[in-house]
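# Architecture at a glance
What follows is the residue order along each chain.
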Amino acid sequence: DQQVKQNSPSLSVQEGRISILNCDYTNSMFDYFLWYKKYPAEGPTFLISISSIKDKNEDGRFTVFLNKSAKHLSLHIVPSQPGDSAVYFCAARKSAGGTSYGKLTFGQGTILTVHP
Amino acid sequence: DAGVTQSPTHLIKTRGQHVTLRCSPISGHKSVSWYQQVLGQGPQFIFQYYEKEERGRGNFPDRFSARQFPNYSSELNVNALLLGDSALYLCASSLRGDRSYEQYFGPGTRLTVT
């Protein structure tokens, strides 16, 4: 049961342009959504998060948009830089109160390549 | 500030053996979670510990166990290793139980079972 899905295995963009990474989810009990970036041989690095009560959160070049009715979120990177090339994971957390409230459910990841 | 540290970096074990992986959280973080990541997939939740108590468990067999120590470091133990246990094991720490959605990951331990 894949509750968080990233349907694009890879994305290639030119330096300076916008990168848009997409993520879909099925569980309406998720209350926080996060994006992580992962380089080879390193652990995932936290990028940005958004609460389910918001529809947008911005941090520098990174903006996350949440469309609850469509159960869809996206990460925009503007402008894209070659150093952004990595695997990007979206993750979601179910609202607190039950067991496994600290559990993050991850998508499969999208490989972003930014060409100079 | 030191981030999450994990040891060992990588190790090779034989089927049927036992393994212990270690994790030290970011200073001040009291919650530790463990994840398994196999190639081509996102991390899968195994356990969460907060204040030395198990607060969450993923869909993993009883061969997997963990504990958290008074200094908030943690161990993940896997018994009777199978080939399918080969993966990157990630530890993550967070500041408080109710803000556990902001998890910060260590570099992982690469386990190979032959």
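Right above here is the structure, for reference.
A short tour of the structure in this document, coming up. (Residues numbered from 1 in each chain as written. Chains lettered and ligands numbered in written order. Predicted model: local features only at pLDDT ≥ 70, side-chain atom pairs only at ≥ 80, totals over all residues. Heavy atoms only, no water.)

### Remarks on the overall build of chain A
- Of the regular secondary structure elements, chain A holds zero helices and 11 strands.
- Along the chain direction, N to C, the helices and strands of chain A fall in the order β-β-β-β-β-β-β-β-β-β-β.
- Against the compact-globule benchmark of 13 Å for 116 residues, chain A has a radius of gyration of 14 Å, which places it among compact chains.
- Seen through its principal axes, chain A has C-alpha atoms that stretch 45 × 30 × 20 Å.
- Counting over 116 residues, chain A shows a buried share of 47%.
- Sequence-distant contacts, at least 24 apart, represent 57% of the contacts inside chain A between residues at least 6 apart.
- Accessible surface, chain A as shown: approximately 5500 Å² in total, 50% of it carbon and sulfur.
- Here chain A contributes 12 positive and 9 negative side-chain charges, whose respective centroids are spaced 5 Å apart. (Helix = DSSP H or I, 4+ residues; strand = E, 2+ residues; numbered from the N terminus. Rg over C-alpha atoms; globule rule 2.2 N^0.38 Å. Buried < 20%, exposed > 50% of the residue type's maximum accessible area, 1.4 Å probe, protein only. Contact = heavy atoms within 4.5 Å. Areas by Shrake-Rupley, 256 points an atom, 1.4 Å probe, with all protein chains shown as cover. Lys, Arg positive; Asp, Glu negative; His and termini not counted. Charge placed at Lys NZ, Arg CZ, Asp CG, Glu CD.)

### Description of the packing of aromatic side chains
Residues and elements named next belong to chain B.
- Inspection of every chain in the model, using the stated rule, returns 14 aromatic pairs over all chains.
- Ring geometry for Tyr35 against Phe45: centres 5.7 Å apart, planes inclined by 70°, an arrangement best described as edge-to-face. Here Tyr35 is found in strand β4 (residues 31–37), whereas its partner Phe45 is found in strand β5 (residues 44–50), with 10 residues between them in sequence. As far as burial versus exposure is concerned, Tyr35 and Phe45 are alike and both buried. (Phe/Tyr/Trp six-rings, centres within 6.5 Å; stacked < 30°, edge-to-face > 60°.)

### Overview of the interface of chain B and chain A
- Taken together, the contacts link 25 residues of chain B with 21 residues of chain A.
- Carbon and sulfur atoms make up 58% of the area that chain B and chain A hide from each other, which totals about 1800 Å².
- Contact with chain A buries area across many residues of chain B, yet Pro43(B), Tyr101(B) and Phe105(B) alone supply 31% of it, more than any other trio.
- Where chain B meets chain A, there are zero salt bridges. (Buried area = accessible area lost by both parts, 1.4 Å probe. Salt bridge = Lys/Arg side-chain N within 4 Å of Asp/Glu carboxyl O.)

### Thoughts on the pattern of salt bridges
- Taken as a whole and judged by the stated rule, the model has nine salt bridges over all chains.
- Salt-bridge contacts for Arg93(A) lead to Asp31(A); the nearest nitrogen and oxygen are separated by 2.9 Å. Residue Arg93(A) is located in strand β9 (residues 86–94), and its partner Asp31(A) is located in strand β4 (residues 30–38); the two are separated by 62 residues in the primary sequence.
- Among the residues examined, Arg93(A) registers a relative accessible area of 2% and is labelled buried.
- Close ionic contact of Glu75(B) with Arg22(B) constitutes a salt bridge, the shortest N to O distance being 3.5 Å. Here the residue Glu75(B) occupies a position in strand β8 (residues 74–78), and Arg22(B) occupies one in strand β3 (residues 19–24), the gap between them amounting to 53 residues.
- Looking at Arg22(B), the relative accessible area reads 42%, which means it is partly exposed.
- What emerges from the salt-bridge pattern is a single network uniting Arg22(B), Arg67(B) and Glu75(B).

### Quick word on the sheet that holds strand β8 (residues 72–77) of chain A
All names here are of chain A.
- The five strands are arranged β1-β3-β8-β7-β6 in an open sheet whose pairing can be described as antiparallel. Whereas interior strands pair on both sides, the edge strands pair on one side only; in this sheet they are β1 (4–5) and β6 (56–59).
- Sheet analysis places β6 next to strand β7 (residues 62–67), joined by four bridges and oriented antiparallel. Bridge pairing in β7 links Asn57 to Val64. (Pairing = 2+ DSSP bridges.)

### Some thoughts on the side chain of Asp84(A)
- Along the chain, the position of Asp84(A) falls in the loop between β8 and β9.
- Leaving out residues up to four positions away in the same chain, Asp84(A) has contacts with Lys37(A), Arg61(A), Phe62(A), Ile77(A), Pro79(A), Leu112(A) and Val114(A).

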